[in-house]
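Report on the structure
Each chain is listed here by its residues.
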Amino acid sequence: MVIIQEASSSSSSYSTHPWKYHVFLSFRGEDTRNNFTGHLCSALRQNGITTFMDDQLRRGEEISTALLQAIEQSKISIIVFSINYASSKWCLDELVKILECKKSNQQEVRPVFYKVNPSDIRNHRGSFAEALANHECRFKDNPDKVQKWKDALSEAAHLSGWPLMDENCSESSVIHEIVKEISEQVINSTYMYVAKYPVGIKPRVQEIHKLLGVEGRDIHMVGIWGAGGMGKTTIARAVYNSIAHKFDGSCFLENVRENSMGAKGFVKLQKKLLCEILKGTNLKVANEARGITMIKEMLQYKSVLLVLDDVNDIDQLNNLAGECSWFGMGSRIIITTRDKQLLTGHNVNLIYKVQELAHHEALELFSRNAFKGNRPLDGFAELTQRAIRYAQGLPLALTVLGSSLCGGNVEKWEAALDGFKSSKIQDVLKISYSGLDQRVKEAFLDIACFFKGENREHVIKIIEACGSKKHDIDVLIDKALISIRDMDCIWMHDLLEELGREIVREESPNDPGKRSRLWFHKDVYHVLTENTGTANVIGIKVELTKDSDVICLSGTTFSNMRNLRLFIHRAGCYSGAIDSLPNSLRVVDWPKYPLQFWPSNLIPRELALINMPRSRIKVMGDRYKYLKKVSDLSGSPNLQCLDLDYCRSLVEVHPSVGFLDKLEYLSLFNCSRLETFPTEVSWKSTRTLRLFGCERLENFIKIVHKMESIKTLDLRESGIKELQSWIGCCISLEVLNLHESSIKQLPLTIGNLTSLRELYLCRTPFKELPSSIGYCTSLKILDASKTPIEELPLSIGDLTSLERLNVSKTSIRELPSSIGNLTSLRILDASKTSIRELPSSIGNLTSLVELDASKTCSKYAPFTQNLVSLYRLMTVQTIIG
């Protein structure tokens, strides 16, 4: 994430300059301090290479903290193995620490074999064997410690280094070779500034290292994706610093979005890319096409590290890194962007999503900016927590907030936090918003004003009814402007939410009735009570904070809001009455609707979605008939969604509902008193019908003109007694759930359902399955458990897509031999049945992973040994395997 300053003591911090030392020297003092290692240290320092050499005589049992920190802060560790190296506990502890840093910090480790054979070190022979034997005696109560030393010696001796074993070998020539190689690495790794206080950088860099897999010889493109201000560039700089030395050439192109603009934008970027990687200054790039050719021709044999920062257009990628094949083996291209779709469209499959800072990281980052320390000053703890809550882990927000409050007293902090808005933060975040299509902008503003925290599918239904598309939600996710969290809910960062709401406020700063959306309780109360709404208003969310606030409606409350399309009620009370609602109104979202009627004159012509679960409604459509029903809705032909879940007073649904051509979703979940439902329907758009829990409903659909779009039919625990042959018209049906319904059998036309994937018959009075079930070749789940079924048809073997079959607690006496044809079957539950023996054909089910025949079979079937995927077999109440 973003983040800032030289290394701190926090475990989440990361040094601004990645290394304090270029080289750390590990050596046995009595062997090489005054000869080889001393001369090497002097040569390195004389060539400008910052080198750590412990000049102090070592005393005590434990390696010092300062020495451990020096190892962590060194880019390269050189281990000078000598004859007595392993006799020193200090040296061995150093070695273990060095190899740990090699793994965790991608540090480079190079051994020098000073008059010792690498084989003796690897295999613990000679002086190394004697030293380790002495350590085993000394640390016999801690054998793990000695084993760590042994493993470290073996690992280090396998690394590429410099041998100096021959008496005739010149020490000075080896030192010259070492200095030359290290100097080239230092010169070629000019580090980029990361941040002033780099809190939280280290773990994020490590995650990206895993994606990059730098040691491999293949070519990778990796995306760093996240919202503006999340620290993508900062992380990319830190990653670049940590691995640039491993490549033949490297280049970090910042601000690609901005720098690619203009007539010669791409040409300038192409030239910079080539010059930095090839270390040349006289390269000339005539035009974009020539630049592409030069990159491909001149870099195809070089391992390259290329960072393209802040990319927002596919042309930028096409001109700078069109394909992996442009670069040599082992190359890595890192792309930072706010647009995930841009990455996937360029076949970038390795994507790191930048997450917000954790609370402890946010606290440290804010504190370092606000207090110049890693924790709040006395008296500021509560205000600090308030500021952190506002920023919610966004590094830019934490930095700007902390810096702006630094040095202020408590009164200044309180005043600032009461109305803090940083134009800088909003400017950064607004870049993503400004690049959206108009329809997607509308969806963004709807979510910012109304839908944060709401279920994704629910929101999609509403915005589609209002003119947006499901794809718009996907675009906002890809742009990192929203995300999906637990329970499939839409989440938007508070700062993005504030951005959207501020955009709406700016439409009319002083008159909320002239804004497009109303959500703030005081604004809603004022506009509805004072009748100040205008044609600008397209959405209202009523969520009053006080029960004592009563909105006084009048006949003309909505008369001026002729473009109102969305009305959401969450909390509040009303008095008075309205004469009409605008015909433009498309969505009424009002759970727990308190009234028992909905007059006909209040059903707008354009109404597309009614969501009133758990309401007390008795009449929808006629104020003067006290029938508990949904009355004639033929005047609302655009209705797409009708959700009346838990309306336990509802008794009747008018036949007109069966002829709503645009109706996509009808849910009457747990309408336990519902008795009358349309018996004739023509639903060409309906995808979901839920009558779960309608236990009094017996009179069901008899005539179907159209129902080819339906995908889910949920009749669980309903009173419906018969499913007629029209079910065969539902050619798109994927899920049919009859669990604990009163339906006794499936019609033969069930075989027409070639798209059916899930069929649930549990706890029904079914005694048999029709043979036509074999035509349902897409079926993956068949649950016929706890039914009086006595046998399965032979055609069951035609269900070659079936993955799960449950016939437990049935009256089945034997499984048909055709069951061996179910080559996709993974789970078979035949427990607690009358089956005495499993058919041998089960041995053909090579995909089977779980077979439960407990309280069923009297013996273990030997042919199950053929089931190579089986990991759970239960017979006679015993798990075998």
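Residues numbered from 1 in each chain as written. Predicted model: local features only at pLDDT ≥ 70, side-chain atom pairs only at ≥ 80, totals over all residues. Heavy atoms only, no water.

Attention now moves to the nonpolar core. Note that soluble globular proteins tend to have their nonpolar side chains buried in a common cluster. Within the largest apolar cluster, 94 residues are counted, with the highest numbers of intra-cluster contacts made by Ile-540, Leu-668 and Phe-677. Looking at this core, the elements with two or more residues in it are α25 (521-530), β14 (539-543) and β15 (550-553). The element best represented in this core is α25, accounting for three residues. Contact partners of Leu-668, with chain neighbours within four places excluded, come to Leu-644, Asp-645, Leu-650, Val-653, Leu-674, Phe-677, Arg-690, Leu-691, Phe-692 and Cys-694. (Core = buried A, V, L, I, M, F, W, Y, C linked by side-chain atoms within 4.5 Å. Buried < 20%, exposed > 50% of the residue type's maximum accessible area, 1.4 Å probe, protein only. Helix = DSSP H or I, 4+ residues; strand = E, 2+ residues; numbered from the N terminus. Contact = heavy atoms within 4.5 Å.)

Below, the discussion takes up unusual backbone geometry. One non-glycine residue, Lys-115, adopts positive backbone phi at about 60°. Here Lys-115 is to be found in the loop between β4 (108-114) and α5 (118-122). In this structure Lys-115 comes out as partly exposed when scored by relative accessible area, which is 44%.

In this section: the environment of Pro-591. For Pro-591, the location among the structural elements is in the loop between β18 (587-589) and β19 (597-598). By relative accessible area, which is 26% here, Pro-591 ends up partly exposed. As a C-alpha pair, Pro-591 and Arg-570 span 21 residues in sequence and 7.4 Å in three-dimensional space.

Packing of helix α16 (residues 359-370) against helix α17 (residues 381-391) leaves a shortest axis separation of 10 Å and a crossing angle of 115°. Between α16 and α17, the interaxial angle falls into the category roughly perpendicular. Pair α16 / α17 crosses with right-handed handedness. Residues His-359, Ala-362, Leu-363 and Phe-366 of α16 form the contact with α17, whose own contacting residues are Thr-384, Gln-385, Ala-387 and Ile-388. In terms of residue class, the contact of α16 with α17 is made up of five nonpolar, three polar and no charged. (Axes fitted to C-alpha atoms, helices over the stretch in contact; angles between N-to-C directions. Parallel < 35°, antiparallel > 145°, perpendicular 65-115°, else oblique. Left-handed = near helix turned anticlockwise from the far one by under 90°. Nonpolar A, V, L, I, M, F, W, Y, C, P; charged D, E, K, R; others polar.)

A separate point is the pattern of salt bridges. One pass over the structure, following the stated rule, counts 36 salt bridges. Between Lys-150 and Glu-136 there is a salt bridge, with the nearest N and O atoms lying 2.5 Å from each other. Separated by 14 residues along the polypeptide, Lys-150 in helix α7 (residues 143-157) and Glu-136 in helix α6 (residues 127-138) bring together distant segments of the chain. Here Glu-215 and Lys-246 are joined by a salt bridge, their closest N and O atoms 3.6 Å apart. Here Glu-215 is found in the loop between α9 (201-212) and β6 (220-225), whereas its partner Lys-246 is found in the loop between α10 (232-243) and β7 (249-253), with 31 residues between them in sequence. Residue Lys-246 is classed as partly exposed on the basis of its relative accessible area, which comes to 32%. A single network of salt bridges, built from pairs that share partners, joins Glu-442, Asp-446, Arg-517 and Arg-565. (Salt bridge = Lys/Arg side-chain N within 4 Å of Asp/Glu carboxyl O.)

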